[in-house]
Each structure stands twice: as C-alpha cells, then as structure tokens.
Amino acid sequence: MLGLVTSPWTVPDSPSSAAGHLLGFILGPAALLLSGVYLIAFSGHVPVGRLPRSDRRLGVMAFLIGFVWFIGMHWWNLTPALGGEVNRYWLVFWPTFLLLFTCLLSGAALSLRVIGDRRATESNVMWFASGFVLVLILLAMVVDGRHVDADTFRYHLWLAGADLLGTAVGLSISILVFGIIIFLHERSLPEPKSIAPPTDKEFAHVASIVAANLGGDENE
C-alpha cells in the first residue's frame, strides 16, 4: 500500500504511479462520502446503536462536500493530472463511479419501497439523489470539463457501462449456477426418516421443566 502511494515519486513512469496518484487524489473526498453515509445511516431509524440526531446534519454536510469535491475534479481545476496529462485511471474511475452510484441509489430506493417499513421519506431522498447523479452524467456527456472533453467522457462511459453490465451478468450467472447446484444436491438426498412421537413420560418430563421455570401463582 505504501509503495503504491509513493510510486509517483519513486517510479514516476510505471502504471502503479498513476494508480497511486489517483488514490492520493480521491482519498479525501472518498473518506468524506463514506463518513457522511455512515453518519446519515446510523442517525436515522435504526433499532440499535443509533447516533445523535445532530450527526445526521454533519453527515449530510460531509457527503455534500465530498461529492462537490469529486465534481470539482471534472469541471474545475482539481482534475488529477500526472506528467502534464490527465491521469488515465481518472478517466476510468469517474464515469464508473457515477454510473455505479446512480445504479446503487436506484436499487436502494426501490428496495426501501418494496421491503422497507415506513421508509418512504428515505426512498424519495435516494430517488432524488439518483436522478441528480443521472443529470450529472448527461451534463458530462454534452458539456466539456476543465480538462476532460465530452467526447472522452462518453467514450469511457460506454466502456464503464460494458464493464458493469458484464459484472452484473457474470454475478447473476454465478448465483444461478450456485442455486442450481444446491437444488440438485438437495434433490438427490434421501427423504429424512420420521421419528416416533413423544411418549407420555417425555411429555411429563417437559411439563415438569416448564412448570419449574415459569413459576408464579396460577391465580395471579
């Protein structure tokens, strides 16, 4: 890990240099995003370990600062550049991040609607956030950034979409194959043998244990 971070200075022309350079750039906003999500999630309607209500405002602020920081890397003068050129891994990371982010937000919002209990407000917030990220993607496809033009962004966006689609298809097939193997294995097993019903002696023993642990007065 240390070698990856220091490689832009130790071995400036290696591929790990670009990766370490990008990691150094995204570490700050990523930490703000993650801490913001944590504070927002655990200061809400959670049954155990709920954080103070004031932490939600702090989480929203941290999340917004981290996301605006990322946006500034595309449309402002914060774009990761190495050797006078835009970091090649940033061109892969940014569209993939936006595309995956809007997909995860939409999936979470839909899950809250379907299986959540009294989570309509949280679901609406996630739908709004997903729509906002989608608008950013559309803007980046037609509006040039400070150092990355719209054509370059569109090119890497299609590549990111293909990567995510391939990942989703591969994961779905893996889950399907795993389920089929488990199903066939369970189907090949013999039927379990039935056991004899409890005897009167066993019933009496259980009744004595229950009576000893319940206690109290029957007339109460």
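Predicted model only: the values in this text are computed from it and were never measured.

**Quick word on the nonpolar core**
The biggest cluster of nonpolar side chains holds 20 residues, and the ones touching the most others in it are Phe 67, Phe 70, Trp 90, Trp 94, Phe 97, Leu 98 and Phe 153. Contributions of two or more residues to this core are made by helix 2 (15-42), helix 3 (54-75), helix 4 (88-115), helix 5 (120-142) and helix 6 (150-188). Among the elements that take part in this core, helix 4 stands out by supplying six residues, more than any other. Apart from residues no more than four positions distant in its own chain, Phe 67 is found in contact with Leu 33, Phe 97, Leu 98, Phe 101, Phe 132, Val 133 and Leu 136.

**Focus: the confidence of the model for the protein chain**
Predicted confidence across the protein chain gives a mean pLDDT of 82, with 86% of residues reaching 70 or more. Across the protein chain, the element-wise mean pLDDT spans from 50 in helix 1 (residues 2-10) up to 91 in helix 6.

**Considerations on the pattern of salt bridges**
For side chains bearing opposite charge, pairing can occur when the charged atoms are close. Going through the model one piece at a time under the given rule, you end up with one salt bridge. For Arg 154, the salt bridge identified is with Asp 151, shortest N-O distance 2.1 Å. One end of the pair, Arg 154, and the other, Asp 151, are both in helix 6, three residues apart, so they sit about a helical turn from each other. When its relative accessible area of 27% is taken as the criterion, Arg 154 is described as partly exposed.

**Remarks on the side chain of Asn 87**
Along the chain, Asn 87 falls in the loop between strand 2 (85-86) and helix 4. A distance of 2.9 Å separates a polar atom in the side chain of Asn 87 from the backbone nitrogen of Tyr 89.

**Quick notes on the packing of aromatic side chains**
Tallying each qualifying case throughout the model produces twelve aromatic pairs. With 6.3 Å between their ring centres and 25 degrees between their planes, Phe 70 and Trp 94 make a pair best called stacked. Of this pair, Phe 70 sits in helix 3 while Trp 94 sits in helix 4, and the two are 24 residues apart along the sequence. Given the relative accessible area of 1%, Phe 70 is considered buried. Classification of Trp 94 as buried rests on a relative accessible area of 1%. Ring centres of Phe 97 and Phe 101 lie 5.4 Å apart, and the angle between their planes is 25 degrees; this geometry places the pair in the stacked category. Of this pair, Phe 97 and Phe 101 both sit in helix 4, separated by four residues, roughly a single helical turn.

**Remarks on the packing of helix 3 against helix 4**
Each pair of packed helices can be summarised by the angle the axes make with each other and by the distance between the axes. One way to put it is that helix 3 packs onto helix 4 with a least axis distance of 11 Å and a crossing angle of 135 degrees. When the axis of helix 3 is compared with that of helix 4, the two are oblique. At the point where helix 3 passes helix 4, the crossing takes the left-handed sense. Along its contact with helix 3, which presents Phe 63, Phe 67, Phe 70, Ile 71, Met 73 and His 74, the element helix 4 presents Trp 90, Phe 93, Trp 94, Phe 97, Leu 98 and Phe 101.

**Quick look at a nonpolar patch on the surface**
On the surface, Leu 165, Val 169, Ile 173, Val 177 and Ile 181 cluster together into a nonpolar patch covering about 450 Å² of accessible area. Secondary-structure assignment places Ile 181 in helix 6. Residue classification places Ile 181 among the exposed positions, given a relative accessible area of 53%.

**Quick notes on the environment of Phe 93**
With respect to the helices and strands, Phe 93 occurs in helix 4. With relative accessibility at 22%, the residue Phe 93 sits in the partly exposed group. Each C-alpha atom of the pair Phe 93 and His 156 lies 9.2 Å from the other, and the pair is 63 residues apart in sequence. Contacts of Phe 93, omitting those with residues within four sequence positions, involve Leu 22, Ile 26 and Phe 70.

Criteria and cut-off values
Residues numbered from 1 in each chain as written. Predicted model: local features only at pLDDT ≥ 70, side-chain atom pairs only at ≥ 80, totals over all residues. Heavy atoms only, no water. Core = buried A, V, L, I, M, F, W, Y, C linked by side-chain atoms within 4.5 Å. Buried < 20%, exposed > 50% of the residue type's maximum accessible area, 1.4 Å probe, protein only. Helix = DSSP H or I, 4+ residues; strand = E, 2+ residues; numbered from the N terminus. Contact = heavy atoms within 4.5 Å. pLDDT = per-residue confidence, 0-100. Salt bridge = Lys/Arg side-chain N within 4 Å of Asp/Glu carboxyl O. Polar contact = N/O pair within 3.5 Å; in protein donor to acceptor, adjacent residues only side chain to side chain. Phe/Tyr/Trp six-rings, centres within 6.5 Å; stacked < 30°, edge-to-face > 60°. Axes fitted to C-alpha atoms, helices over the stretch in contact; angles between N-to-C directions. Parallel < 35°, antiparallel > 145°, perpendicular 65-115°, else oblique. Left-handed = near helix turned anticlockwise from the far one by under 90°. Patch = residues over 30% accessible without salt bridge, like charges linked within 9 Å, V, L, I, M, F, W, Y side chains within 5 Å. Areas by Shrake-Rupley, 256 points an atom, 1.4 Å probe, with all protein chains shown as cover.

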